[in-house]
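# Commentary on secondary and tertiary structure
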Amino acid sequence: MYSHTTRLLTISTFTILAAAIPMPDAGPTCGTSPIQCCDQLLPASDALASTLLGLVGVVVEDLSLPIGITCTSITGVGVGSGSACSSNVVCCDNNAHGTLISIGCIPIIIET
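Every chain's residues receive numbers from 1 upward, in the order its sequence appears when written. Per-residue local features of the predicted model are confined to residues with pLDDT of at least 70, and side-chain atom pairs are confined, for both listing and counting, to 80 or more; whole-chain, interface and lining totals are unaffected and use all residues. Just so you know, side-chain values use all the structure's heavy atoms and leave hydrogens and water out.

### Thoughts on the nonpolar core
Within soluble globular proteins, side chains that are nonpolar generally end up buried alongside one another. Take the buried residues of types Ala, Val, Leu, Ile, Met, Phe, Trp, Tyr and Cys, join any two whose side-chain atoms come within 4.5 Å, and each joined set is a nonpolar core. Three exposure classes are used, based on accessible area relative to the maximum for each residue type with a 1.4 Å probe and protein chains only: buried under 20%, partly exposed in between, and exposed over 50%. In terms of nonpolar packing, the biggest core is built from 11 residues, these being Leu42, Ala44, Ala49, Leu52, Leu53, Val58, Val60, Ile67, Ile69, Ile101 and Ile103. Only α2 (47–55), β2 (66–73) and β4 (101–107) provide two or more residues apiece to this core. When residues no more than four places from it in sequence are discounted, the contact partners of Val60 are Ala44, Leu53, Leu65 and Ile103. Within the second largest apolar cluster, 5 residues are counted, among which are Cys38, Val90, Cys92 and Cys105. A run of H or I in DSSP becomes a helix once it reaches four residues, and a run of E becomes a strand once it reaches two; helices and strands are each numbered from the N terminus. Note on contacts: a residue pair is in contact if any heavy atoms of the two residues lie within 4.5 Å.

See the structure below:
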């Protein structure tokens, strides 16, 4: 009886400790955003990026926000012609402006 209680207490303690240990941040992820290929990746403060943002009527507060220029979705990584990207592979927060401009883009690495 004593060893069963000790074992149960030990397992419970380690379970509680494992749940309380914070996990390291894995960094930014795409979530549900599509992976895209952008011809250019510029900060919002760049002249071209700010001009395009103005043309589509978007105002950004953070001038360091990465902006993707001329972006297309990459379909089926590693399969077919839609999977190749010779420029910037990114994941963007706001793709609501067609292929001209995407806002809040994070560069990602696709390992082959």
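### Things to note about α2
Within α2 the residues assigned to the buried category are Ala49, Leu52 and Leu53. Considered in projection along α2, the buried side chains sweep an arc of 100° and stay on one side of the axis. Across α2 from its buried face, at more than 90 degrees, point the exposed residues Ala47, Gly54 and Leu55. Among the structural elements, β1 (35–43), β2 and β4 are those in contact with the buried residues of α2. A distance of 2.9 Å separates the backbone nitrogen of Leu48 from a side-chain oxygen at the start of α2, and that oxygen is part of Asp46. Following α2 by one or two positions, Gly57 has its phi on the positive side, about 75°. Working note: the arc is built from the helix axis to C-beta atom directions. Side-chain atoms alone can form a polar contact between residues adjacent in sequence; in general such a contact is a pair of N or O atoms within 3.5 Å, and within protein one must be able to donate a hydrogen while the other accepts it.

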